Amino acid sequence: MQVVKYVFQPHGDERGQLVSLEEHNDIPFQIKRVYYMYDTLSGVVRGGHAHKSLEQILICIHGSCKIRLDNGYEKKIVPLEKPYEGLYVSNNMWREMYDFSSDAVLMVLASEIYDESDYIRNYDDFIKCI
Ligand code: T46
């Protein structure tokens with residue numbers, strides 16, 4: 001499985017850093033939704049599902065966490081700990097987010113608006129779909 005990690009360009013100066021993300025230039029899809037999670041409790045595992053068509057970029061803009069990706073054949077663990085790195089997560093990819101630091105803010109750029117019918121929440125159903 002190929003892990004696609006984007007390294008964005010920080011525009012740093014004496015005041016600090018700024019990262020700008022433009023759809024199609026920096027992000028390989030039209031951004032229809034942005035959401036983020038914070039105050040994640042120690043030991044929590046989020047996700048545990050795949051999507052039929054949603055594509056996303058996960059950016060841990062503060063703190064750190066780990067992402068477990070599973071395409072049904074292979075599993076990979078990807079640490080996210082830099083605010084200028086983004087992990088591309090395609091459709092048909094089982095994902096779990098875990099090992100959140102207490103200060104972690106995980107921001108997600110999504111190619112579609114929220115649609116519960118796009119979720120595959122049962123692992124056996126996921127395996128049948130791929
Ligand atoms: C994903 C991973 C990385 C909304 O109302 N709108 C939204 O856009 C989202 C994402 C969630 N919600 C509601 C639905 C639930 O009542 O927020 C609650 C928590 O959502 P969920 O349990 O799906 O969160 P995670 O962290 O398990 O998964 C999320 C995304 O849902 C999912 O698409 O890929 O982050």
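Residue positions are given per chain, counting from 1 as you read along its sequence in written order. Where totals are concerned, whole chains, interfaces and linings use all residues; where local detail is concerned, this predicted model gives features only for residues with pLDDT of at least 70, and gives and counts side-chain atom pairs only at 80 or more. Side-chain metrics rest on all non-hydrogen atoms present in the structure, leaving aside hydrogens and water.

Once that is clear, we can look at the site of the ligand. Every one of the 13 residues lining the ligand counts as a neighbour, but R33, R46, H51, Q56 and Y119 are closest to it. Side-chain polar atom of Y35 to an oxygen atom of the ligand: 3.2 Å apart, as the coordinates give it. With respect to the ligand, the side chain of Y119 contributes an N or O atom lying 2.5 Å from an oxygen atom. All accessible-area figures derive from a Shrake-Rupley calculation using a 1.4 Å probe, and residue coverage is judged against the displayed protein chains alone. Protein chains bury 67% of the 650 Å² of accessible surface belonging to the ligand in isolation. Secondary structure elements are taken from DSSP: a helix is a run of H or I of four residues or more, a strand is a run of E of two residues or more, and numbering for both begins at the N terminus. At the level of secondary structure, the elements contributing two or more residues to the shell around the ligand comprise β2 (33-37), β3 (46-51) and β8 (94-98). Sort the elements by how many residues they give to the shell around the ligand and β3 lands first, with four residues. Classes in brief: Ala, Val, Leu, Ile, Met, Phe, Trp, Tyr, Cys and Pro nonpolar; Asp, Glu, Lys and Arg charged; the others, Gly included, polar. Here the residues of the shell around the ligand are counted per class, giving five nonpolar, four polar and four charged. We define proximity as follows: a residue is near a molecule or strand when any one of its heavy atoms falls within 4 Å of that partner. Polar contacts, as used here, are pairs of N or O atoms within 3.5 Å; protein pairs need one atom able to donate a hydrogen and one able to accept it. Residues neighboring in sequence count only if both atoms are side-chain atoms.

Turning our eyes to something else, we now look at unusual backbone geometry. Keep in mind that most residues, glycine aside, have a negative phi and that most peptide bonds are trans. Look at H24: it is not a glycine, yet its phi comes out positive at around 70°. Relative to the assigned elements, H24 resides in the loop between β1 (4-7) and β2. On the basis of relative accessibility, which here comes to 56%, the residue H24 falls in the exposed class. A positive phi angle, close to 55°, is found at D99, a residue other than glycine. By the element assignment, D99 lies in the loop between β8 and β9 (105-110). Exposure classes here rest on a 1.4 Å probe applied to the protein chains alone. A residue is buried below 20% of its type maximum, exposed above 50%, and partly exposed in between.

Before going further, it helps to spend a moment on the pattern of salt bridges. Salt bridges are defined as contacts in which a side-chain nitrogen from Lys or Arg sits within 4 Å of a carboxyl oxygen from Asp or Glu. Under the defined criterion, the tally for this structure stands at nine salt bridges. A salt bridge links K5 to E85; the shortest N-O distance between them is 3.1 Å. Within this pair, whereas K5 is found in strand β1, its partner E85 is found in strand β7 (residues 85-89), the two being separated by 80 residues in sequence. For K5, a relative accessible area of 35% translates into the label partly exposed. Among the salt bridges present, the one from R121 reaches E116, with a minimum N-O distance of 2.9 Å.

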